[in-house]
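Close look at the chain arrangement
Residue strings, one per chain:
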Amino acid sequence: MDCSAEPIRPAPAAAAIPPPAATTAVEVDHLDFAYGTKPALLDINLLVPARQVTALIGPSGCGKSTLLRCLNR
């Protein structure tokens, strides 16, 4: 066995693809919503970046579905 051979080198990595420019798909600015006289959402601000997975998480009754309904009217 000849140990003087050149070591195997990995192929050069492909050029990294730069991430897309940060753009906003959805923007919510100072949203208030009420069911009659009962406030449900107060002063909601939200930026949802384009081409990103975004999740709304929180306890039951905190307004997640109400916010989505406001966006999907």
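Every value quoted in this text rests on a predicted model; they were computed, and no experiment measured them. (Residues numbered from 1 in each chain as written. Predicted model: local features only at pLDDT ≥ 70, side-chain atom pairs only at ≥ 80, totals over all residues. Heavy atoms only, no water.)

**Overview of unusual backbone geometry**
Going by this rule: Where helices and strands are cited, they refer to DSSP runs of H or I of at least four residues and of E of at least two residues respectively, numbered from the N terminus. Any residue under 20% of the maximum accessible area for its type is buried, any over 50% is exposed, and the rest in between are partly exposed; the area is computed with a 1.4 Å probe on protein chains only.
A positive phi angle is found at Asp43, which is not glycine, with a value near 50°. In this structure, Asp43 sits in strand S2 (residues 38-49). The backbone of Arg51 shows a phi angle near 60°, a positive value even though the residue is not glycine. Mapped onto the fold, Arg51 is located in the loop between S2 and helix H1 (64-71). Since its relative accessible area comes to 76%, Arg51 is described here as exposed.

**A look at a nonpolar patch on the surface**
Cut-off, in case you're wondering: By definition, no residue in a patch forms a salt bridge, and every one has over 30% relative accessible area; like charges are joined within 9 Å, nonpolar side chains (Val, Leu, Ile, Met, Phe, Trp, Tyr) within 5 Å. All accessibility values rest on the Shrake-Rupley procedure with a 1.4 Å probe; residue burial counts only the protein chains present in the view. Just to be clear on terms, a salt bridge is a Lys or Arg side-chain nitrogen sitting within 4 Å of an Asp or Glu carboxyl oxygen.
Among the surface-exposed residues, Val26, Leu56, Leu68 and Leu71 lie close enough to one another that they form a single nonpolar patch of about 310 Å² accessible area. Mapped onto the elements, Leu56 comes out in the loop between S2 and H1.

**With respect to H1**
An α-helical turn contains 3.6 residues, so a residue and the one three or four places further along point in the same direction. Put simply, the test is: Arc definition: directions from the helix axis to the C-beta atoms. Residue contacts follow a heavy-atom distance rule, with two residues in contact if any of their heavy atoms lie within 4.5 Å.
Restricting attention to buried positions, one finds in H1 the residues Thr66, Leu67 and Cys70. For H1, the buried positions fall inside an angular range of 100° around the axis, keeping them on one side. Buried positions along H1 lie against strand S1 (24-35) and S2.

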